[in-house]
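Structure at a glance
Single-letter residue listing:
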Amino acid sequence: MYSRRLLSYVSRIGRGSRAPGRFDNGKTFFSTTNRNAYPATINATSLSSSTYRKSAKFFVAACSVTAAVGTLAYCNAQANPLHAEETVSFAGRKGTESERTFIMVKPDGVTRGLVGEIISRFEKRGYKLVAIKSLVPSRQLAEQHYGDLRTRPFFKGLVNYITSGKAPVVAMVWEGRDVIRQSRAMIGATNPLEAVPGTIRHAFSISIGRNVIHGSDSFDSAEKEIGLWFGKPGDLVSWEPVNWNWIMAEN
Ligand SMILES: Nc1ncnc2c1ncn2[C@@H]1O[C@H](COP(=O)(O)OP(=O)(O)OP(=O)(O)O)[C@@H](O)[C@H]1O
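Calculation notes
Residues numbered from 1 in each chain as written. Predicted model: local features only at pLDDT ≥ 70, side-chain atom pairs only at ≥ 80, totals over all residues. Heavy atoms only, no water. Helix = DSSP H or I, 4+ residues; strand = E, 2+ residues; numbered from the N terminus. Buried < 20%, exposed > 50% of the residue type's maximum accessible area, 1.4 Å probe, protein only. Lys, Arg positive; Asp, Glu negative; His and termini not counted. Salt bridge = Lys/Arg side-chain N within 4 Å of Asp/Glu carboxyl O. Polar contact = N/O pair within 3.5 Å; in protein donor to acceptor, adjacent residues only side chain to side chain. Contact = heavy atoms within 4.5 Å. Pairing = 2+ DSSP bridges. Core = buried A, V, L, I, M, F, W, Y, C linked by side-chain atoms within 4.5 Å. Near = heavy atom within 4 Å. Areas by Shrake-Rupley, 256 points an atom, 1.4 Å probe, with all protein chains shown as cover. Axes fitted to C-alpha atoms, helices over the stretch in contact; angles between N-to-C directions.

1. Observations concerning the side chain of arginine 201
Inspection of the secondary structure puts arginine 201 in helix H9 (residues 200-204). In this structure, arginine 201 is buried with no salt-bridge partner, the nearest side chain bearing the opposite charge being aspartate 108 at 8.2 Å. Separated by 3.2 Å, the side chain of arginine 201 and the backbone oxygen of glycine 188 make a polar contact. Not counting residues up to four positions away in its chain, the partners in contact with arginine 201 are Lys106, Ile187, Gly188, Ala189, Thr190, Pro192, Ala195, Asn211, Ile213 and His214.

2. Remarks on the pairing of strand E6 (residues 169-175)
Counted residue by residue, E6 has 7 buried out of 7 residues, so it is predominantly covered. Every second residue of E6 is oriented toward a common face, with Val169, Ala171, Val173 and Glu175 on one face and Val170, Met172 and Trp174 on the other, all of them buried. In this structure, strand E4 (residues 100-105) lies alongside E6, joined through 6 bridges in antiparallel fashion. For arginine 100, the partnering residue across the bridge sits in E6 and is glutamate 175. In this structure, strand E5 (residues 128-135) lies alongside E6, joined through 7 bridges in antiparallel fashion.

3. Some points on the nonpolar core
Grouped together as the largest cluster of nonpolar side chains are 44 residues, with contacts concentrated most on Ile118, Phe122 and Phe230. Broken down by element, the residue count for this core peaks at 6 residues, all from E6.

4. What about the site of the ligand?
Around the ligand sit Lys106, Tyr146, Leu149, Phe154, Leu158, Arg184, Thr190, Arg201, Ile208, Asn211, His214 and Gly215, and that is every residue in its neighbourhood. A distance of 3.2 Å is found between an oxygen atom of the ligand and a side-chain nitrogen or oxygen belonging to arginine 201. For the ligand, the protein covers 77% of the area, taking 570 Å² as the surface of the free molecule.

5. Notes on the sheet that holds E4
Pairing is antiparallel in the open sheet, where 4 strands are placed in the order E5-E6-E4-E7. Two strands bound the open sheet, and with one partner strand each, they are E5 and strand E7 (213-215). With strand direction ignored, the average angle separating the axes of adjacent strands in the sheet is 15°. Each of E4, E6 and E7 is contacted by helix H8 (residues 179-187), which is oriented at about 25° to E4, the strand it contacts most.

Written out as structure tokens, the structure is:
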């Protein structure tokens, strides 16, 4: 609605709604003013060339377009403040060092005291922690998170387990180059018995229902999951570790 009004306003200025005016020498002219404006009286020499009038109209139209675009951008930012703050998306820019992923230590990992170990692995690899919280997720949150598994036979048990409250989960967002793909490799196969040595699931688990950790499996999943768990303005912190160049430089 705003944009239609603005566009109609701009196009009226561009067309130059014409109201008659009179030069000093008595001749009439049409000024680019509001249709309802009274006739103007101005010095004939100041408008002797139609080029000047065209330039003036062009200038006014250009200013109006700039103002309209700015207003539209502002309205959009107000309607969607988190995106205004984060500028790109929850999952950052795919394939760059601003890429982000959602990682969750599940209740079994928390109760077994593996949170520090898992954070340590991500830190040592060179990734940056930009959000973290401990919580017992609501049923609604767990069902939304695992929504694509809704038809699977283990879905109900999985949601019951995650929301049981016997131990919380620790939800995190990690940022860095290729973090979505790399974190899946660090986590290992869904079934810990198939996970390769060195991975988190191989090191710490032997049951598919208690595989310690979750990580987003694609850019779209990361976008959805970060928005779900850390969707409020200010949830994601923008910062740079002092050793960032020591980790990222290519020489
Ligand atoms: N056959 C199964 N029986 C019991 N639980 C299962 C089974 N398959 C998957 N799960 C549980 O559901 C979770 C989600 O399954 P999914 O297929 O998305 O694997 P994943 O992406 O490796 O795991 P996650 O989403 O937790 O990172 C698994 O981590 C596991 O805890």
